[in-house]
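# Topology and contacts: notes
Take a look at the letters that make up each chain.
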Amino acid sequence: MTTHQAWLDDVRPNPYADQLASGFRRLRFVRPLEREYRLYMQDDAFDLKRIALGVGLLVWLAFAALDFFLIATGERWWMLTIRLGVLALLLVCALLLALRRHTHLLVPLSLTCILAPGLGAAAVVAVAHTVDPSYPYEGLLLICMAAYFLVGLRLSEALASSLVVLLGYVGFELLSGLPIPRLINNVLFLLFGNLMGLVGCYLLEYKSREHFLISRLMRVLAERDSLTSLHNRRSFNRQLERLWRQAQREQLSLALLLCDIDHFKAYNDCYGHQAGDGVLRRVGAVLSDAARRPLDMAVRLGGEEFAVLLYGISQEQALQHAEELRAALAALNIRHERSETAAMVTMSIGVASMSPGDGGEFSLLYEHADRALYEAKAFGRNQVVA
Ligand SMILES: Nc1nc2c(ncn2[C@@H]2O[C@H](COP(=O)(O)OP(=O)(O)OP(=O)(O)O)[C@@H](O)[C@H]2O)c(=O)[nH]1
C-alpha cells in the first residue's frame, strides 16, 4: 500500500483512491464499491466458470471410470449411482451457465459446482473405504483447489464450501467405519492442503481487488478533470458522438451549452491562482448539478471554459436551463471587483440545439454553440444567447 500512498494523495478525494489508501486487508471494500466489485467479478469470471465446469465434468467422468478398476465388489454400483447423480446436477449447472442469462445465480451455481462433486466424492470415498481403506481420498483436495482457484469464488465462499466438503468427508467416513487414526491422518493432509489453498486464494483475491481499484481509478483519471471532477474534453468528444447516434435513432434532439466565465484572467490577477481554482470548482459544482440525468454531461473543456450536454430537450428548454445556470452562479455571489460586467463572478453561455435525425454533422452543434457564446461575449457578457 505504501508505494501508492504518495500519488494517491494527489488524486483524492476519489472513492477508488480512498479505498486504496485505507486498505482492504480483510478483502472487503466500503459498501457501494463492494457491490461494484462483485458485479465486475461476475462479468469477469463468467467464461472462467464455464471452462472450469467443462474440465470438472471430464475429470469427474475419468474418476468414475477409475472406480471400476479400483473397486471390484457390488459397492462400485453405489459409487456409480452417486457419480451419476452429481453428473446430472453439474449438467444442469452447465446448461444454466451456457445460457448466460442467469448472472444473478452465478455464485449459487459456482457453489453447487463445488459442493455437489465435493460431497459426492466424499460419499464415494467413504463407500470405497468400506471395502478398500487404501482407496485414494486425495481427489477431494482437487475439488477444494477448484474452489480456491478455478471457479472465481471469493475467499470466504471458497473457504466455506471447502469446509463443508471436509466436514461431509469426516461424517461419511465415520459412518463407513474408517479407523480413527487413518481418518485423522487423511483429515490432516486435507487441512494442510486447504491451508495452502487459503493463502494462495487470499493473495489472488487481494491482487484482483487491487487491480479493480487501480483500473477504475485510471479510467476516472483519463476521463475526468482533476480540479473540478467534471468530464474532460476527451470524454466529452466520445459522449457527444455516442449521444448523436442515439438521438438519431430515437428521433430526439441534443442541446449543448457552452459556458465561459467572464473576466477570469482579471479574477486570477486580483485574487490569485488558488482563489481562481476555487471559483472553477464552484462553477463545476453548479454545472454538475445541472447535468444529473444519466445521459447528460457536465464538462470542463479547459481553462475557464465549460460545457453542458443535454439529451432529448428542445431549444426552449435548453435556454431555460442556461438561464438557471447563470442565475445559480449569480446566487453564489462570488465577489469580483475587477469585473467590467458585474460586482460578482458571472458567465456567458452559448446555446445550440439540434435534431440529428434532420441530417447534419455533430460538429455543427459545437460550432453553433460556439458562435452563440461569441455573441454572448460580444453583446456584453453575463448573458445567454442561442
Ligand atoms: N486559477 C486557474 N486559472 C486558470 C486555469 N486554467 C486557465 N486559467 C486562467 O484563465 C484565464 C483565461 O483568460 P482569458 O482566456 O483571457 O479569459 P477571460 O479573462 O475570462 O476573458 P473573457 O472570457 O473574454 O471574459 C487565464 O488567465 C488562465 O491563466 C486553472 O486551472 N486555474
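The residue numbers shown here count from 1 along each chain, following its written sequence. Restriction of local features to residues with pLDDT of at least 70 applies here, the model being predicted, together with a cutoff of 80 or more for giving and counting side-chain atom pairs; totals for whole chains, interfaces and linings are based on all residues. Side-chain metrics in this entry use all non-hydrogen atoms of the structure; hydrogen atoms and water are not considered.

## Focus: the site of the ligand
Quick reminder of the rule: We call a residue near a given molecule or strand whenever any one of its heavy atoms falls within 4 Å of it. We call two N or O atoms a polar contact when they sit within 3.5 Å, provided that within protein one can donate a hydrogen and the other can accept it, with sequence-adjacent residues counted only if both atoms are side-chain atoms. Shrake-Rupley sampling with a 1.4 Å probe provides the accessible areas, and residues are treated as covered by the protein chains on show and by no other component. Secondary structure is summarised from DSSP: a helix means a run of H or I of at least four residues, a strand means a run of E of at least two, and numbering begins at the N terminus for each. Charged residues are taken to be Asp, Glu, Lys and Arg, nonpolar residues to be Ala, Val, Leu, Ile, Met, Phe, Trp, Tyr, Cys and Pro, and polar residues to be all remaining types, Gly included.
Neighbouring the ligand are 16 residues; His 263, Phe 264, Lys 265, Asn 268 and Asp 277 lie closest to it. Contacts to the ligand include Phe 264, whose backbone N or O atom sits 2.7 Å from an oxygen atom. Glu 304 places a polar side-chain atom, nitrogen or oxygen, 3.1 Å from an oxygen atom of the ligand. For the ligand, whose unbound accessible area comes to 670 Å², protein coverage reaches 66%. At the level of elements, strand 1 (254–261), helix 10 (264–271) and helix 11 (273–290) are the ones that each hand at least two residues to the shell around the ligand. A total of four residues in the shell around the ligand trace back to one element, the largest contributor, which is helix 11. Residue composition of the shell around the ligand, grouped by class: three nonpolar, five polar and eight charged.

## Comments concerning helix 11
One turn of an α-helix holds 3.6 residues; hence residues three or four places apart share an orientation. Selection rule: What a helix is expected to span follows from its residue count: subtract one and scale by 1.5 Å. Contact between two residues is taken to exist if any of their heavy atoms lie within 4.5 Å; hydrogens are not considered.
With 18 residues, helix 11 should cover 26 Å at 1.5 Å per step; its first-to-last C-alpha distance of 26 Å lies within 8% of that length. Each element contacted by the buried residues of helix 11 is listed here: strand 1, helix 10, strand 2 (297–302), strand 3 (305–311), helix 12 (315–332) and strand 4 (347–354).

## Observations concerning the environment of Phe 192
Residue position: Phe 192 is located in helix 8 (residues 180–223). Taking the C-alpha atoms as reference points, Phe 192 and His 273, separated by 81 residues in sequence, lie 62 Å from one another.

## Quick word on the UniProt feature "transmembrane region" (unreviewed entry) in the protein
In plain terms, the rule: UniProt positions are given in the numbering used here, feature names are shortened, and annotations may be inferred rather than shown by experiment.
Feature annotation in UniProt assigns "transmembrane region" (unreviewed entry) to the following positions: residues 51–71, 77–99, 106–128, 158–177 and 183–204. Taken end to end, residues 158–177 comprises 95% helix and 0% strand; its first and last C-alpha atoms sit 29 Å apart. Annotated as 100% helix and 0% strand, the span residues 183–204 places its first and last C-alpha atoms 31 Å apart.

## Here we look at the UniProt feature "coiled-coil region" (unreviewed entry) in the protein
With numbering aligned to this structure, UniProt lists the feature "coiled-coil region" (unreviewed entry) at residues 315–342. A distance of 27 Å separates the end C-alpha atoms of residues 315–342, which is 64% helix and 0% strand.

## As for the domain arrangement of the protein
For clarity, the threshold we go by: The split of the chain into domains comes from an automatic or database domain assignment.
Domains assigned within the protein are domain 1 (2–222) and domain 2 (233–385). Averaged C-alpha coordinates put domain 1 and domain 2 at centres separated by 52 Å.

## Focus on the pattern of salt bridges
How we decide: Basic side-chain nitrogens of Lys or Arg form a salt bridge, by our definition, when they fall within 4 Å of a carboxyl oxygen of Asp or Glu. Accessible area is worked out with a 1.4 Å probe on protein chains only. A residue is then buried under 20% of its type maximum, exposed over 50%, and partly exposed in between.
Inspection of every chain in the model, using the stated rule, returns 17 salt bridges. One salt bridge in this structure joins Glu 241 and Arg 245, with 4.0 Å as the shortest N-O distance. Highlighted residues: Glu 241 and Arg 245, both in helix 9 (residues 233–250), separated by four residues, approximately one helical turn. When its relative accessible area of 44% is taken as the criterion, Arg 245 is described as partly exposed. Ionic pairing is found between Asp 269 and Lys 265, a salt bridge with its closest N-O pair at 3.2 Å. Note that Asp 269 and Lys 265 are positioned in helix 10 at a spacing of four residues, about one turn of the helix. Taken together, the salt bridges that share partners define one network made up of Glu 34, Arg 38, Glu 205 and Arg 209.

## Re helix 2 (residues 15–22)
Regarding helix 2, the residues found buried are Tyr 16, Ala 17, Gln 19, Leu 20 and Ala 21. N-capping of helix 2 is provided by Asn 14, with a side-chain oxygen placed 2.8 Å from the backbone N of Tyr 16. Taken from the residues just after helix 2, Gly 23 is the one with a positive phi, measuring 85°.

## Description of unusual backbone geometry
The backbone of Ser 229 shows a phi angle near 65°, a positive value even though the residue is not glycine. Mapped onto the fold, Ser 229 is located in the loop between helix 8 and helix 9. Residue classification places Ser 229 among the partly exposed positions, given a relative accessible area of 43%. A positive phi angle, near 55°, is found at Gln 251, a position not held by glycine. Relative to the assigned elements, Gln 251 resides in the loop between helix 9 and strand 1. Taking the relative accessible area as the measure of exposure, Gln 251 reaches 60% and is therefore exposed.

## Looking at the nonpolar core
Spelled out, the test is: What we call a nonpolar core is a set of buried Ala, Val, Leu, Ile, Met, Phe, Trp, Tyr and Cys residues that are connected through their side-chain atoms within 4.5 Å.
Tyr 169 and Leu 213 are the most contacted members of the largest nonpolar core, which totals 61 residues. Put simply, the parts of the chain that give this core at least two residues each are helix 1 (2–11), helix 2, helix 3 (31–70), helix 4 (75–99), helix 5 (106–129), helix 6 (139–150), helix 7 (155–176) and helix 8. Of all the elements, helix 5 adds the most residues to this core, at eleven residues. Not counting residues within four places of it along the chain, the set of residues in contact with Tyr 169 comprises Ala 122, Val 125, His 129, Tyr 137, Leu 140, Leu 178, Leu 183, Asn 186, Val 187 and Leu 190. Core analysis: the second largest hydrophobic core is formed by 29 residues, Ala 255, Val 283, Ala 322 and Val 351 among them.

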